[in-house]
Amino acid sequence: MRRPDAPITRDIVLIGGGHAHALLLRRWAMRPLPGARLTLINPEPTAPYTGMLPGLVAGHYRREALEIDLVRLARRAGARLVLDRADGLDPVARRIRLSGRPPIAYDLASIDIGITSELRGPPGAEAHIVAAKPLGPFADAWERFVAEVAAGRAAPEAAVIGAGVGGVELALAMVHRLRAARPDQAPALTLLEQADRILPGAPAPLADALGRRLEAAGVRVRTGVRVAAAAAEGVALEEGESLPARFIVAAAGARPQPWLAETGLALEHGFVRVDPHLRSVSHPEVFAAGDAAYMAESPRPKAGVFAVRQAPILAENLARAASGRPLRAYRPQSDFLKLISLGPREALATKWGRVLDAAWLSPALWRWKDRIDRAFMDRLSETPDPTAPEAPKGPEADGVAELRKGDPLCGGCGSKIGPIALAAGLSGLAPPGRDDVSRAPGDDSAILSVGRARLAISVDQFRAFIEDPYELGRIAALHALGDVWAMGGAPQAVLASATLPPMSPAKQAETLAEILAGAEAALGPAGAALAGGHSASGAELSIGFTATGLCDRPIGLDGARPGDALILTKPLGVGAILAAEMRGVVDGRNWAEALAVMKVSNGPAAAILRERARAMTDVTGFGLAGHLIGMLRASGSAAEIGLVALPVLSGAVELLSKGVRSSLAPANRAAVWSEIEPDAGAMRGPPASSDPAGPEAGMRPTRPPIDILFDPQTAGGLLAAIPADAAEAVLAELREAGGAAWRIGAVVAARPGAPRLRVLADYDVADSPAAPSSAPSSAPSSAATIASAARS
């Protein structure tokens, strides 16, 4: 978490990741306002650049080419990113209501939430018509349909409702893509418009030019018609005609987000009415930009170019308003150059009612548009070189050299003291000296005897790794409960400890309330009570919790036996992803996936494992190798694990292969390397392009570099030694409970003088000493399962 340049006194909250707000974040990174905390609220870690949407539909661009990475922009700007959907705003209380967490307070707010093209009313619309905006659901549905067409499982029949410029571009792009998907079958695409001509309101020369392009592409145009119903086979018109369409997209009109109508803000046709300063005409603490705004004194059509031009004025006016200075006026241009995609890599140009459209010129115009679009994305995607310096060797391999070379000190569990230094510092600690207090070396919690009851008690604390106090409180609480769950305990009571960075008393109160609300969101489902705590003011935000839990049968580290199966309940790679986020080089989708994994409670898994586990721990700061070897030392045993059997978060393999790692990783490696025996394949690293792409591909079997063993995990999963004959049943039970679980290896007998942990590159758990010969390899759970569990 970035240390504030001045005490925080004001909150500026951006609602929506539209073009204006994305550019505002970039500008804020260069010129932040001292004392102002900037927050961006958006449901996804990325936002689409709509100018490249027709190229995506036509197959000219990959999805990631037009995704603005809000995680990187927020990091550079020092802004808090809240991954949630705003669904209300109270301008009197100055609170923004969110769908999945308590409201967020603001001093100034700005709305840039775009529009929707959702078609309402006709029967079957919700089930069978896809809105072109927002982009995410439309792009996913389109790619699925194209795949079905290419495989011959669906006819290349589609319909576009709405023949404005956007609808025409989509129709031309879709017919081009469908023709490429099924060269042996001509696509049937219909463009529907309720007005008496396409492009109603546009100059006739432009409508005529695009009409000729539609005809040449084989798009059937129907004007003066209305959709009466939609079904899986097509659309029915009010005029009585039925049209075949296996894919129906609505591109008609620009509808405002419905929750704006309930805010009390002055609206025009459902959009926020703003003055020339982009400020609400009814509530001066609220600004709006992009498609969400209606410029009362100079109305303009909905177009991304206005949002781009509004961005610098919006950024300056928010800073001026927060400082009590006069605002600047935004004066939109009366017209602008439009470069319109035509399906293939061709475009036409229009301005002032004139059209430039010629077969010989169209490819050049498309290349011009492509350069403009890519330049815009490059402005928002500049990142430093992710390649880390060569790993240090010798006595400095404890992490000090990394910090000298400028790597940021990580937050979360990556901010902890290394194992060797910690052991040295604790070496002089005397035993408890009380009969009612027991503490086995390496165990996750101490055990207190109170009458006939036994309590597990543990404490955990780390510096912030995220700017969001609510999410930090939630994850830190789950992290602290992990030690109680690992001992087989049922959480009972928790005490909080928080150090807040410099801020005004009002902001201290709001921040502390957010931290505690996040903690209670984690503690409530776990059955634990937040019983009090302590607070302080310091240089940066840090949070800790002391947790207790009833523990009838403590599960220590010393119970693992040769033949036991090793089961892990969360994927690895959190440390590398958090380190990459701090450097500004992480993929926002991978970061969001890691965040979702950290928010998954270990409680349900612990309830299942405590009945079968012989030894258990949670995998946190010391990484998988550190915690596993701690179990093996206590048990007097050894283990075999396979790199290919380890679940790894999307993106982590690539980051580790490039040398991106947590600042604690070198110390973790130095502490246990002498007890690890890797085979030759494990030391070679992953095969080329082994890391799966995209969140849905997360945790597929792959072979990560051996550095994954030393990656510190924040709110990591449970690692349990389970009798071999119960392993498959336990795995099935964990998955049936909605969680995830992987069988990563087996406990084996220790060999005198040999390392305790043998690491194999390729490993089939069916052939392990802990598995019967007929046991199948455990199928890894998907990232979607993890994220779904986090949301629920």
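Residues numbered from 1 in each chain as written. Predicted model: local features only at pLDDT ≥ 70, side-chain atom pairs only at ≥ 80, totals over all residues. Heavy atoms only, no water.

S.K.: An account of the overall build of the protein is needed here, citing residue identities and associated values.
M.R.: Helix and strand content of the protein: 22 helices and 37 strands. In the protein, which comprises 792 residues, the proportion classed as buried is 56%. Carbon and sulfur atoms form 52% of the exposed surface of the protein, whose accessible area is close to 31,400 Å². (Helix = DSSP H or I, 4+ residues; strand = E, 2+ residues; numbered from the N terminus. Buried < 20%, exposed > 50% of the residue type's maximum accessible area, 1.4 Å probe, protein only. Areas by Shrake-Rupley, 256 points an atom, 1.4 Å probe, with all protein chains shown as cover.)

S.K.: Let's hear about the side chain of T39: which residues, and what values?
M.R.: Mapping T39 onto the fold places it in strand β2 (residues 36-42). If we ignore the near neighbours within four places in the chain, the residues touching T39 are I12, V13, L14, R80 and V82. (Contact = heavy atoms within 4.5 Å.)

S.K.: Let's hear about the pairing of strand β36 (residues 742-748): which residues, and what values?
M.R.: The buried count for β36 comes to 7 of 7 residues, which makes it a mostly enclosed element. Of the pairings in the sheet, the one linking strand β31 (residues 565-568) to β36 comprises 4 bridges and is antiparallel in character. The residue of β36 that forms the bridge with A565 is A746. Pairing analysis gives 4 bridges linking strand β33 (residues 638-642) to β36, with the strands arranged antiparallel. Bridging from a neighbouring strand, A638 pairs with V748 of β36. (Pairing = 2+ DSSP bridges.)

S.K.: Which residues make up the nonpolar core, and what values do they have?
M.R.: Counting 218 residues, the largest nonpolar core has I96, I111, M174 and L709 as the members making the most contacts within it. A total of 10 residues in this core trace back to one element, the largest contributor, which is helix α12 (residues 469-486). In this structure, A159, V227, V235 and L243 belong to the second largest nonpolar core, which totals 14 residues. (Core = buried A, V, L, I, M, F, W, Y, C linked by side-chain atoms within 4.5 Å.)

S.K.: Can you lay out the pattern of salt bridges for me, pointing to particular residues and giving the numbers?
M.R.: Evaluated as defined, the whole model comprises 41 salt bridges. The salt bridge partner of E346 is R213, with a shortest N-O separation of 2.9 Å. Highlighted residues: E346 in the loop between β22 (338-341) and β23 (347-351) and R213 in helix α7 (residues 204-217), separated in sequence by 133 residues. Residue E346 is classed as partly exposed on the basis of its relative accessible area of 23%. Ionic pairing is found between R633 and E675, a salt bridge with its closest N-O pair at 2.5 Å. (Salt bridge = Lys/Arg side-chain N within 4 Å of Asp/Glu carboxyl O.)

S.K.: Can you lay out the sheet that holds strand β28 (residues 490-500) for me, pointing to particular residues and giving the numbers?
M.R.: Sheet architecture is open: 6 strands sit in the order β25-β26-β27-β30-β28-β29, paired in mixed fashion. Two strands in the sheet have a free side with no partner beyond their single neighbour: β25 (437-438) and β29 (529-537). As paired strands, β28 and strand β30 (residues 542-550) are joined by 9 bridges and run antiparallel to one another. Paired with A498 across the two strands is I543, which belongs to β30. With respect to the sheet, α12 is in contact with β27 (453-463), β28 and β30, its orientation differing from that of β30 by roughly 35 degrees. Here helix α13 (residues 505-526) sits on the sheet and contacts β28, β29 and β30; the angle it forms with β28, its principal contact strand, is near 165 degrees. (Axes fitted to C-alpha atoms, helices over the stretch in contact; angles between N-to-C directions.)

S.K.: Can you explain the packing of aromatic side chains? Please cite residues and give values.
M.R.: Per the stated rule, a full pass over the model turns up 8 aromatic pairs. When the ring of F138 is compared with that of F247, the centres are 6.2 Å apart and the planes differ by 50 degrees; the resulting orientation is tilted. Taken together, the residues span a long stretch of sequence, with F138 in helix α5 (residues 135-150) and F247 in strand β17 (residues 247-250) at a distance of 109 residues. Side by side, F138 and F247 carry an identical accessibility label, which is buried. What links up through ring pairs into an aromatic cluster is the set F138, W142, F145 and F247. The lysine or arginine in question, R669, covers the ring of W673, its NZ or CZ lying 4.2 Å from the ring centre. (Phe/Tyr/Trp six-rings, centres within 6.5 Å; stacked < 30°, edge-to-face > 60°. Lys NZ or Arg CZ within 6 Å of the ring centre and 35° of its normal.)

S.K.: Just give me the short version of the sheet that holds strand β19 (residues 271-274), but keep the residues and values in it.
M.R.: With mixed pairing, the 3 strands of this open sheet are ordered in space as β18-β19-β21. Strand pairing shows two members of the sheet lacking a second neighbour, β18 (267-268) and β21 (293-295), which therefore form its edges. Alignment of β18 against β19, held across 2 bridges, turns out to be antiparallel. Looking at β19, one finds that L267 is bridged to V272.

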